[in-house]
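Below, each chain spelled out in residue letters.
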Amino acid sequence: MAIDILSALVDDQDILQNQREIDMDEDIALLDPEVSQFFTITNRVSSKPAFSSKVEWLEDQLDPRLTSVSGSQTDSDTSIEVATGEGSYVRAGDLIRNARTGEAIRVSSVATDTLTVVRGVGRVAAAAMNNGDQLLIVGNAALQGATLGTRKVTKKVAQYNYEQIQRNPYGFTNTLAASKLYGGPEPMQERKKKLVVHKRAIEYTMFWGARSLNTSGSEPQGFAGGLFEFNTTNVFDAAGALSKTLLDTYLRTLLQHGHGDSKVLFVSPLVAQAISAFLRDAYEPADVKQRLYGAKVDGWLSGAYGYRTPVIVKRDWNDFSSSSTQYGGWAFLVDISNVTYRPLRSTKLLPNRQANDADETTEEYLTEFSLEVKQEKTHGLIVGVTG
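Rules of the game
Residues numbered from 1 in each chain as written. Predicted model: local features only at pLDDT ≥ 70, side-chain atom pairs only at ≥ 80, totals over all residues. Heavy atoms only, no water. Pairing = 2+ DSSP bridges. Helix = DSSP H or I, 4+ residues; strand = E, 2+ residues; numbered from the N terminus. Axes fitted to C-alpha atoms, helices over the stretch in contact; angles between N-to-C directions. Contact = heavy atoms within 4.5 Å. Patch = residues over 30% accessible without salt bridge, like charges linked within 9 Å, V, L, I, M, F, W, Y side chains within 5 Å. Areas by Shrake-Rupley, 256 points an atom, 1.4 Å probe, with all protein chains shown as cover. Salt bridge = Lys/Arg side-chain N within 4 Å of Asp/Glu carboxyl O. Buried < 20%, exposed > 50% of the residue type's maximum accessible area, 1.4 Å probe, protein only. Phe/Tyr/Trp six-rings, centres within 6.5 Å; stacked < 30°, edge-to-face > 60°. Lys NZ or Arg CZ within 6 Å of the ring centre and 35° of its normal. Core = buried A, V, L, I, M, F, W, Y, C linked by side-chain atoms within 4.5 Å.

### Here's the deal with the sheet that holds strand E18 (residues 360-373)
- The strand order E9-E18-E17 describes an open sheet built from three strands, whose pairing is antiparallel. Of all strands in the sheet, those with a lone pairing partner are strand E9 (164-173) and strand E17 (339-350), marking the two edges. Strand-to-strand twist in this sheet, taken as the mean axis angle between neighbours without regard to direction, amounts to 10°.
- As defined by bridge partners, E9 adjoins E18 across 10 bridges and the pair is classed as antiparallel. In the sheet register, Tyr170 faces E18, and the bridge partner there is Glu363.
- Where helix H3 (residues 188-208) meets the sheet, its contacts fall on E9, E17 and E18, and the angle it forms with E9 comes to roughly 160°.

### A few points about a nonpolar patch on the surface
- Where nonpolar side chains cluster on the molecular surface, the patch consists of Leu66, Leu136 and Val138 and spans about 230 Å² of accessible area.
- Checked against the element boundaries, Val138 lands in strand E7 (residues 134-140).
- Judged by its relative accessible area of 48%, Val138 is partly exposed.

### Examining the packing of aromatic side chains
- Within this structure, the stated rule accounts for 22 aromatic pairs.
- Here Phe207 and Trp208 contribute two aromatic rings whose centre-to-centre distance is 5.7 Å and whose plane-to-plane angle is 50°, an arrangement assigned as tilted. Note on accessibility: Phe207 and Trp208 belong to one class, buried.
- Ring centres of Trp208 and Trp330 lie 6.3 Å apart, and the angle between their planes is 45°; on these two criteria the pair is classed as tilted. Taken together, the positions of Trp208 in helix H3 and Trp330 in the loop between strand E15 (308-313) and strand E16 (331-335) put the pair 122 residues apart, joining distant regions of the chain.
- Grouped by ring-pair contacts, the aromatic residues Tyr204, Phe207, Trp208, Phe228, Phe266, Trp317, Phe320, Tyr327, Trp330 and Phe332 constitute a single cluster.
- Over the ring of Tyr160 we find Lys54; its NZ or CZ atom is 4.6 Å from the centre of that ring.
- Sitting over the face of the ring of Tyr160, Arg211 holds its NZ or CZ atom 3.9 Å from the ring centroid.

### Comments concerning the sheet that holds strand E12 (residues 235-240)
- Across the sheet, which stays open at both edges, the six strands sit in the order E12-E19-E16-E13-E15-E14 with mixed pairing between neighbours. Both outer strands of the open sheet, E12 and strand E14 (299-301), are each paired with one neighbouring strand and no more. Within the sheet, the average angular offset between the axes of one strand and its neighbour, ignoring direction, is 20°.
- Strand contacts of helix H6 (residues 269-277): strand E13 (263-267), E14, E15, E16 and strand E19 (380-385), with the helix running at about 110° to E13, the strand carrying the most contacts.

### Concerning the pairing of strand E1 (residues 54-59)
- What you see with E1 is a clean split: Val55, Trp57 and Glu59 sit on the buried side and Lys54, Glu56 and Leu58 on the side with no burial.
- Where E1 and strand E8 (residues 157-162) come together, six bridges link them in antiparallel fashion. What sits directly across from Glu56, in E8, is Tyr160.

### Quick look at the nonpolar core
- Formed by 26 residues in total, the largest nonpolar core has its most connected members in Phe38, Met206, Phe207, Leu227, Phe266, Phe332 and Val334.
- Element by element, the count of residues in this core is highest for H3, at four residues.
- Within the second largest apolar cluster, 21 residues are counted, among which are Phe236, Leu254, Val271 and Ile275.

### Here we look at H6
- A large share of H6 lies buried, amounting to seven of its nine residues.
- All of the buried residues along H6 are Pro269, Leu270, Val271, Ala272, Ala274, Ile275 and Ser276.
- In this structure, the buried residues of H6 make contact with helix H5 (244-254), E13, E14, E15, E16 and E19.

### Structural notes on the pairing of strand E6 (residues 114-121)
- Where strand E3 (residues 79-81) and E6 come together, three bridges link them in antiparallel fashion. Opposite Ser79, over in E6, you have Thr116 as the bridge partner.
- With six bridges connecting them, strand E5 (residues 104-111) and E6 associate as antiparallel partners. Each bridged residue has a counterpart across the sheet, and for Arg106 the counterpart in E6 is Val118.
- Following E5, the chain reverses through two residues before pairing antiparallel with E6; Thr112 in that reversal takes a positive phi of roughly 55°.

Shape descriptors only; they carry no functional weight alone.
Listed below in structure tokens is the structure:
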């Protein structure tokens, strides 16, 4: 075999390339680090082991204090219709105020949703009532020496969710596992990455999961419902730019119920940018030499209640589109005290999942979990933010 002779000056392209030692960084750069803050918070702060594939809880609330007029009423009508189903809120002896006119009425009796009343009690004279007028149930006045009167108790509401099995497997041939690789051997490198993927999937389920039990197959398949699934009352569509007034208006409702000091606002980067922009016109750097402009927002102080609500930016949501109220313009207001992470099987790395005769190494992360979302009125959702 002829010998290849190198003549003249030899450069690094002339030599046998197999001879070259590759200058490879041992650390493999990951595009997206761990961003599962909601899962981390609930797992550490509000977590309770489950013992069934279905978790259940009960909810209750105080006696209702508001109803409304159904249809218009003259100033002399003594039979007042209230909204369907709300006559049960009222009992004989109640004093009720019309919030628009200020008139007080005394309830003599109740028949389904029709109140028999005495008009113009106190200093404000009777006045015509409009459809939808809000009526405040002030309180009850009993006759001297009377019996108990009508007893009323709110009926508790049963809620539930299903356990979901989240699995993320990966595997390599034993030949590859035995090979020396830059960045470290497999499956060690994949093991670190897959844990982030696994936790992110759990967190997405906690936000957007759908509550469902599929029994069409040979075995049941549970899907855990997330915040979106339970949140139906407090959903606000910004339908454009988010302003300070608009955000304060939303939070006036979102912070009304539950524990104001345990609320957390999870926002997309677009929503965070909008909130940060509230300060830009008024912001001046303390040290002009730094030339640092802009504002880092990690909380919002409610003008209505004075609560400081932490703001957590979900950086990975920047991949989501914000057009047509898609997820890139969303923010979740979560009352952490009313959310409980319920693992039936906590997250575990399960090695040696390959078949007994397989010349491979296979592992997986597995979690079986659910979420309790109590009192959905204590949570909220802002959608449709475009800037």
